[in-house]
Amino acid sequence: MVKEFDPRWMYLLLFIVVGAPLVRPLGLPLPITAPVLALYDKIESLPPGSIVLFEYGVGAASWPEHGPSNIAVLKHLLSKDVKIILIALYTAEGPTLFATKIKPAIASYLEKKTYGVDYVDFGYVTGYETAMAAIAEDMHKALTKDVYGTPIDQIPLMKNVKSARDLALVIATGYCEPYIRQFYTPYGVPVAIMTWGMNAPGYMPYISAGQLCGMVAGIRAAAEYEVLIKSPGEASASSDALSLSHLFVAILIVVGNIQYYLTRRRGGR
Amino acid sequence: MDFAEFASLVSGLIAAALTLMIYSLLYRENILYRIAEHTFVGIYAGYGVAYAVKNIMDQGVSRISAGNYWFIIPMILGVMLFTRFTVKQAWISRYSMAVMVGVGTGVSVRALIEAQIVRQIKASVISLYGGPFTVIDNLIIVFGFICAFLYFFFTDISALRRPMSYIAKAGRYVLMFTFGGAFGGTVLSRMTLFAGRMQYLLSYPAYYMIPVFVAIICAMIYYDLRKKKE
């Protein structure tokens, strides 16, 4: 029987494997994947003055997965001549994280834009998919005022934006299915998603079917986006740590399987 | 140092301490982990309640005071949900639940067939001509789709006979590959969260807490070793 391995040694090794490249980056190559490039190209191809609905429903727990991608994509949008409607639908933590983490990171981009004319923030709107359906149908009925309490009718940007038909693109955080159901299928508005890395395989069929026009899945994809917009940030800094941690997990899986095989061969369970 | 910088320093140290207290579970269950866990649950619940009240004020009360009196109906339905906490009147909350489930289902189902069934089937009808890699890619998609689909073909006894049994078996392997990919993705996503916290812990002012944490863990190891000897 193979001796039982104390998992705490594995945790210690993991701390070292993840921590070391954060202290001293290795500069491992970072090829750009197709879904990330697709979103970048989509934003690049937007005509001047296009209206983009940007959903920043980032939670504190999922910040490492969603935060860097939100910052990178927002930086890209703010560098273009497009109008942005900011909203949080996925979680109520969105506005807090937007104010404390996202806004400082994009402050230099926001300075060049005028609030209410180039972008507007509606904060957290409860109801998730029900709210999405209402917003897509009639924004002026579903969103009465922005995050500062200004009535929607007094916001210059919203004067010509009535429903999903006026949107050129929806970029959301979290799950893509509700956005496909409420924006793409009934109104034909292109939808892109910033999601967890684990969702990437499950969302590929939506990319193949053309229902998603782009995807930034996890911090690795966020690092790719940072490379594309030439603005290294949080994701780029941790990409080496992630690559090494993935390699470490792969080695553990192989070692675990060898141990299992040896145990069985010696008549153990 | 002004007040804002001081507040940022203190909050940064508290966040780092709480993160390290949570990670102390990796050594063993301890009181520091419990304190951090309960603090997190308490803060999250408090934040949720505060936002729920804000939403009621923004979405309900402000609209009612603006003259949209029909918003009283969802407010009443919301209040009815609280009858759930009583044994005798719990049935009243079912009406609110029925409305919530009904509206939610109705809103999502209206586009579900087209978005998640019809379009996905259409996307599976793909060309087997093109470049060598395209052909291989598309063949895998078609093969995987047919096999996985036929794995769930239970209604006919012929499904258990050859060649259907072989196709169903291949479908099982396709599903296992998919689940393996999803599980791998989940593990690696957790690794991303860990890397994110590590990145935070190695930044200012969080790294001041690392020596404190190491000292606490060393003390715990020393205590455990002494106890084992005794």
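This report concerns the structure included in the present document.

Rules behind the numbers
- Residues numbered from 1 in each chain as written.
- Chains lettered and ligands numbered in written order.
- Predicted model: local features only at pLDDT ≥ 70, side-chain atom pairs only at ≥ 80, totals over all residues.
- Heavy atoms only, no water.
- Helix = DSSP H or I, 4+ residues; strand = E, 2+ residues; numbered from the N terminus.
- Buried < 20%, exposed > 50% of the residue type's maximum accessible area, 1.4 Å probe, protein only.
- Contact = heavy atoms within 4.5 Å.
- Areas by Shrake-Rupley, 256 points an atom, 1.4 Å probe, with all protein chains shown as cover.
- Lys, Arg positive; Asp, Glu negative; His and termini not counted.
- Charge placed at Lys NZ, Arg CZ, Asp CG, Glu CD.
- Rg over C-alpha atoms; globule rule 2.2 N^0.38 Å.
- Buried area = accessible area lost by both parts, 1.4 Å probe.
- Salt bridge = Lys/Arg side-chain N within 4 Å of Asp/Glu carboxyl O.
- Nonpolar A, V, L, I, M, F, W, Y, C, P; charged D, E, K, R; others polar.
- Phe/Tyr/Trp six-rings, centres within 6.5 Å; stacked < 30°, edge-to-face > 60°.
- Core = buried A, V, L, I, M, F, W, Y, C linked by side-chain atoms within 4.5 Å.
- Pairing = 2+ DSSP bridges.
- Axes fitted to C-alpha atoms, helices over the stretch in contact; angles between N-to-C directions.
- Right-handed = clockwise from strand over helix to strand, strands pointing away.
- Expected span 1.5 Å × (residues − 1).
- Bend = angle between axes of the 7 residues up to and from the residue.
- Parallel < 35°, antiparallel > 145°, perpendicular 65-115°, else oblique.
- Left-handed = near helix turned anticlockwise from the far one by under 90°.

1. A short note on the overall build of chain A
Moving on, step 1. Check the secondary structure of chain A and you find 11 helices and 6 strands.
Moving on, step 2. With respect to the principal axes defined by its C-alpha atoms, chain A has extents near 75 × 35 × 30 Å.
Moving on, step 3. Looking at chain A residue by residue over its 269 residues, the buried ones come to 53%.
Moving on, step 4. In chain A, the share of contacts with a sequence separation of at least 24, taken over all contacts with a separation of at least 6, comes to 70%.
Moving on, step 5. Carbon and sulfur atoms form 60% of the exposed surface of chain A, whose accessible area is close to 11700 Å².
Moving on, step 6. Charge-centre separation for chain A: the mean point of 23 positive side chains lies 7 Å from the mean point of 22 negative side chains.

2. Comments concerning the overall build of chain B
Moving on, step 1. When you go through chain B residue by residue, the secondary structure sums to 7 helices and 0 strands.
Moving on, step 2. Along the chain direction, N to C, the helices and strands of chain B fall in the order α-α-α-α-α-α-α.
Moving on, step 3. Radius of gyration (C-alpha) of chain B: 28 Å, far over the 17 Å computed for a compact globule of 230 residues.
Moving on, step 4. Overall size of chain B, expressed as C-alpha extent along the three principal axes, is 70 × 65 × 45 Å.
Moving on, step 5. Relative to its full complement of 230 residues, chain B shows a buried share of 25%.
Moving on, step 6. Nonlocal contacts in chain B, meaning residues at least 24 apart in sequence, comprise 39% of its contacts between residues at least 6 apart.
Moving on, step 7. When the accessible surface of chain B is split by element, carbon and sulfur atoms take 74% of a total near 16000 Å².
Moving on, step 8. Across chain B, the 20 positively charged side chains and the 10 negatively charged ones have centroids separated by 11 Å.

3. Brief notes about the interface of chain B and chain A
Moving on, step 1. Each side of the interface is counted separately: chain B has 39 residues, and chain A has 48 residues.
Moving on, step 2. For the pair chain B and chain A, the summed buried area comes to about 3900 Å², and 65% of that belongs to carbon and sulfur atoms.
Moving on, step 3. Applying the counting criterion to the chain B and chain A interface returns 0 salt bridges.
Moving on, step 4. Secondary-structure elements contributing two or more residues to the side of chain B that touches chain A are α2 (31–65), α4 (92–124) and α6 (164–201) of chain B.
Moving on, step 5. The element best represented in the side of chain B that touches chain A is α6 of chain B, accounting for 15 residues.
Moving on, step 6. A class-by-class count of the residues in the side of chain B that touches chain A yields 20 nonpolar, 13 polar and 6 charged.

4. Focus on the packing of aromatic side chains
Moving on, step 1. A complete count under the given rule lists 24 aromatic pairs over all chains for this structure.
Moving on, step 2. Residues phenylalanine 15 of chain A and tyrosine 23 of chain B carry aromatic rings whose centres are separated by 5.7 Å and whose planes lie at 85 degrees to one another, so their mutual orientation is edge-to-face. Of the two residues, phenylalanine 15 of chain A is situated in helix α1 (residues 7–23) and tyrosine 23 of chain B in helix α1 (residues 3–23); the pairing between them involves two chains.
Moving on, step 3. The exposure class of tyrosine 23 of chain B is buried, given its relative accessible area of 16%.
Moving on, step 4. Ring geometry for tyrosine 151 of chain B and phenylalanine 152 of chain B: centres 5.2 Å apart, planes at 85 degrees, overall edge-to-face.

5. Things to note about the environment of leucine 157 of chain A
All names here are of chain A.
Moving on, step 1. With respect to the element layout, leucine 157 can be found in the loop between α7 (139–142) and β4 (169–173).
Moving on, step 2. Sequence separation of leucine 157 and threonine 126 is 31 residues, and the distance between their C-alpha atoms is 22 Å.
Moving on, step 3. Residues contacting leucine 157, with those up to four places away along its chain left out, are Ile51, Lys83, Ile84, Ile85, Gly116, Val117, Asp118, Tyr119 and Val120.

6. Considerations on the nonpolar core
Moving on, step 1. Judged by nonpolar contacts, the single largest core of 66 residues is most densely connected at Phe54, Val73, Leu74, Leu77, Ile84, Ile171 and Tyr225 of chain A.
Moving on, step 2. Discounting chain neighbours no more than four positions away, the residues touching valine 73 of chain A are Leu39, Ile43, Phe54, Ile171, Met194, Val216 and Tyr225 of chain A.

7. A closer look at the pairing of strand β6 (residues 214–217) of chain A
All names here are of chain A.
Moving on, step 1. Residues Gly214 and Val216 point to one face of β6 and Met215 and Ala217 to the other, with burial holding for every one of them.
Moving on, step 2. Of the strand pairs in this sheet, strand β5 (residues 191–195) and β6 are connected by 4 bridges, and their pairing is parallel. Looking at the pairing, methionine 194 lines up with valine 216 of β6.

8. A word on the sheet that holds strand β1 (residues 51–55) of chain A
All names here are of chain A.
Moving on, step 1. Taken in spatial order, the 6 strands of this open sheet run β3-β2-β1-β4-β5-β6, and their pairing is parallel. With one partner strand each, in any of the chains shown, β3 (119–124) and β6 form the two edges of the open sheet. Adjacent strand axes in the sheet meet at a mean angle of 10 degrees, parallel and antiparallel pairs treated alike.
Moving on, step 2. As paired strands, strand β2 (residues 83–88) and β3 are joined by 4 bridges and run parallel to one another. Following the sheet pairing, alanine 88 is matched in β3 by tyrosine 124.
Moving on, step 3. Sheet contacts for helix α2 (residues 34–44): β4, β5 and β6; angle to β6, the most-contacted strand, approximately 125 degrees.

9. Digging into the pairing of β4 of chain A
If a strand is regular, its side chains alternate between the two faces of the sheet.
All names here are of chain A.
Moving on, step 1. By the criterion of burial, β4 is predominantly enclosed, with 5 of the 5 residues buried.
Moving on, step 2. Burial along β4 is two-sided: Leu169, Ile171 and Thr173 facing one way and Val170 and Ala172 facing the other are all buried.
Moving on, step 3. Taken together, the 3 bridges between β1 and β4 define a ladder with parallel strand orientation. Residue pairing for β4: leucine 53 is matched across the bridge by valine 170.
Moving on, step 4. Relative to β5, β4 runs parallel, the two being bridged by 4 bridges. Counted as the bridge partner of threonine 173 is methionine 194 from β5.
Moving on, step 5. Traced from β4 through helix α8 (residues 177–187) to β5, the parallel crossover comes out right-handed.

10. Thoughts on α4 of chain B
Residue and element names in this part refer to chain B.
Moving on, step 1. Between its first and last C-alpha, α4 extends 47 Å over 33 residues, near the 48 Å set by a 1.5 Å rise per residue.
Moving on, step 2. Along α4, the helix axis deviates most sharply at leucine 112, where the bend reaches about 50 degrees.
Moving on, step 3. Every buried residue of α4 is accounted for by Ser93, Ser96, Val107, Ser108, Ala111, Ala115, Gln120 and Ser124.

11. Let's talk about the packing of helix α3 (residues 63–78) of chain A against helix α10 (residues 218–228) of chain A
The relative placement of two packed helices comes down to the angle between their axes together with the axis-to-axis distance.
All names here are of chain A.
Moving on, step 1. Closest axis-to-axis distance for the α3/α10 pair is 8 Å, and the angle between their directions is 20 degrees. On the basis of their axis angle, the class for α3 and α10 is roughly parallel. The handedness of the crossing between α3 and α10 is left-handed. Every residue of α10 that contacts α3 at Pro64, Glu65, Pro68, Ser69, Ala72, Val73 and His76 is listed here: Gly218, Ile219, Ala222, Tyr225 and Glu226.
Moving on, step 2. Its residues assigned to classes, the contact of α3 with α10 comprises 7 nonpolar, 3 polar and 2 charged.

In short, geometric facts, not functional conclusions.
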